[in-house]
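Remarks on the overall topology
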Amino acid sequence: MGIRFLSTGAGLPEKIITNADLEKIVDTSDEWITERTGIKERRMLEESEATSDIALRAARQAIDTAGLQPDDIDLIVVTTCTPDHLFPSVACLVQKGLGISQKIAFDVSAACSGFLYGLACVEGMIEKGLAKTALLIGADALTRFTDWKDRGTCVLFGDGAGALVIQACEGPGDLLAIHLGSDGDSSHILTIPGGGSKHPLGQIDNVDKYPPFIKMDGKEVFKFAVLRMIESSMTALKKCGKTTDDLKLLIPHQANLRIIDAIAKRLKLSHDKVFRNVHKYGNMSAATTIIALDEAVRSGQLQRGELAELIAFGAGLTWGAAVVRW
Ligand code: COA
């Protein structure tokens, strides 16, 4: 038994924050942000919205595109590191929004690599017979955990959600190979120190020391990202007996255009073989790779039967790659 991919969907907040908007908040410039990251604008939740709202929007679009009804879904997995609440899970809130009951719904957390971790979970659960038709969602709202006084991080992130409908099938299916990795020893280089059980929000007496905002060693993360995504990409391709020549499209995590270009160069991939939309959205964490897949499919850059490889990295540290047939 395998899994096949039926459809994708996206849920993006309407509100756009441009580099010019950021110039008014911190000491930065459109020129610096564009040159160092490739980002021109990003989306941001309205005050009244939360992660589950955009996740639900992505879910509805993916279900409609598949020609299914919400009731056909028997498993919902949401990958997120910015849930509405510590509990209930975003997956249960999406389930409520879709008006379906008696299903399995839970969240997975692996930061920006979350979507690939979620994909492995869904594949395993379908193989074990726990579900037949699953909804895998990547949804994050990192602008809620951004220090708007820190120019080193606040220019990088945006909010978004993407969804993929996955169904059990006979035969090998559309997921050719998946590789995942993590390294807790480097957890400190990308973290949100406050707001969890270690330094609960209500009890933090030193918010400067334990802020509920992203703290990052940008240079270390950059080096790690390039290295690990290349390794993971090659490992996943080798696992299924493919090479980069077999790929129609590489869909890398969209954190920084310079990271994407460095990987493309090392993997010797031409410009048209590497998907890029970081200029429009910045880094949307777990939503990034699935929104990129959704756009690649809708724009015709990836057609039925063609091979793509999704690669990602994130806090944890975590990373992964998946070779898929669309
Ligand atoms: N606007 C203007 N100047 C900025 C700036 C901004 N938004 N952010 C940093 N700078 C300044 C720094 O203060 C520094 O100034 P200094 O030389 O006077 O000290 C200078 O620009 C260079 O900073 P540096 O951190 O060395 O830049 P960089 O080339 O490493 O780029 C990142 C910084 C964050 C863009 C880059 O390291 C990166 O993308 N890392 C990966 C981050 C990532 O992907 N995180 C998510 C993982 S899922």
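Provided above is the structure to which this section pertains.
The paragraphs below set out a description of the structure included in this document.

Calculation rules
Residues numbered from 1 in each chain as written. Predicted model: local features only at pLDDT ≥ 70, side-chain atom pairs only at ≥ 80, totals over all residues. Heavy atoms only, no water. Buried < 20%, exposed > 50% of the residue type's maximum accessible area, 1.4 Å probe, protein only. Helix = DSSP H or I, 4+ residues; strand = E, 2+ residues; numbered from the N terminus. Pairing = 2+ DSSP bridges. Core = buried A, V, L, I, M, F, W, Y, C linked by side-chain atoms within 4.5 Å. Domains from an automatic or database assignment. Contact = heavy atoms within 4.5 Å. Salt bridge = Lys/Arg side-chain N within 4 Å of Asp/Glu carboxyl O. 1 Å grid on protein atoms, 1.4 Å probe; cavity = no way out; pocket = protein on both sides within 12 Å on 5 of 7 lines; lining within 4 Å. Points joined across faces, edges and corners; volume = space filled by probe spheres on them. Nonpolar A, V, L, I, M, F, W, Y, C, P; charged D, E, K, R; others polar. Axes fitted to C-alpha atoms, helices over the stretch in contact; angles between N-to-C directions.

The element strand E12 (residues 307-314) is extensively covered by neighbouring structure, given that 8 of its 8 residues are classed as buried. Every second residue of E12 is oriented toward a common face, with Leu307, Glu309, Ile311 and Phe313 on one face and Ala308, Leu310, Ala312 and Gly314 on the other, all of them buried. Direction of pairing for strand E11 (residues 249-252) relative to E12: parallel, over a ladder of 4 bridges. Bridge pairing in E12 links Pro252 to Ile311. Relative to strand E13 (residues 318-325), E12 runs antiparallel, the two sharing 8 bridges. Residue pairing in the sheet places Leu307 in a bridge with Arg325 of E13. Connecting E12 to the next strand, E13, in antiparallel fashion are 3 residues, including Gly316 with a positive phi near 140°.

So, on to the nonpolar core. Counting residues in each nonpolar core, the largest one holds 42 residues, and the members touching the most others are Met229, Leu250, Ile259, Ile263 and Phe313. Of all the elements in the fold, those that place two or more residues in this core are helix H7 (218-239), helix H8 (257-266), E12 and E13. Looking at this core, the element that brings in the most residues is H7, giving 8 residues. Taken domain by domain, the makeup of this core includes at least three residues from each of domain 1 (2-173) and domain 2 (176-325). Setting aside residues no more than four positions away along its own chain, Ile259 makes contact with Phe222, Ala225, Val226, Met229 and Phe313. Val77, Phe115, Leu116 and Leu310 belong to the second largest nonpolar core, which has 35 residues in total.

Turning to unusual backbone geometry, a few remarks are in order. Glycine aside, the phi torsion of most residues is negative, and most peptide linkages are trans. For the bond running from Phe87 to Pro88, omega is 0°, close enough to zero to count as cis. Geometrically, the link from Gly316 to Leu317 is a cis peptide bond, its omega value of -5° lying close to zero. You can see Leu317 is positioned in the loop between E12 and E13. The phi dihedral of Ala111 falls on the positive side, at around 50°, and the residue is not glycine. Within the secondary structure layout, Ala111 lies in the loop between strand E5 (104-108) and helix H5 (114-127). Of the residues examined, Ala111 reaches a relative accessible area of 11% and is grouped as buried. Positive phi is not limited to glycine here, since Lys268 has a value of about 55°. Mapped onto the secondary structure, Lys268 falls in the loop between H8 and helix H9 (278-281).

Throughout the structure, instances matching the rule amount to 12 salt bridges. With a closest N to O distance of 3.6 Å, Glu306 and Lys248 form a salt bridge. Here Lys248 lies in the loop between H7 and E11 and Glu306 lies in the loop between helix H10 (288-298) and E12, a separation of 58 residues in the sequence. Take Lys248: its relative accessible area is 34%, and that puts it in the partly exposed class. Glu295 is paired through a salt bridge with Lys280; the nearest N and O atoms lie 3.2 Å apart. With Glu295 in helix H10 and Lys280 in helix H9, this residue pair connects regions lying 15 residues apart in the sequence.

Its boundaries defined by the atoms lining it, the largest pocket holds a volume of some 1300 Å³. At the level of secondary structure, the elements contributing two or more residues to the lining of the largest pocket comprise helix H2 (30-37), strand E9 (190-191), H7, H8 and E12. Classifying every residue of the lining of the largest pocket gives 25 nonpolar, 17 polar and 6 charged. Lining the lining of the largest pocket are residues from two domains, each supplying at least three of them: domain 1 (2-173) and domain 2 (176-325).

Time to look at the sheet that holds strand E7 (residues 159-169). Read across the sheet, 5 strands follow the order E1-E7-E6-E4-E5 without closing on themselves; strand pairing throughout is mixed. The sheet is open, and its two borders are formed by strand E1 (2-11) and E5, each paired with just one other strand. When the angles between neighbouring strand axes are averaged without regard to direction, this sheet yields 20°. Pairing analysis gives 5 bridges linking strand E4 (residues 75-79) to strand E6 (residues 133-141), with the strands arranged parallel. Note on E6: the bridge partner recorded for Val78 is Ile137. Lying over the sheet, helix H3 (residues 51-66) contacts E1, E6 and E7, oriented at roughly 125° with respect to E1. This element, H10, spans E1, E6 and E7 of the sheet and lies at about 95° to E1.

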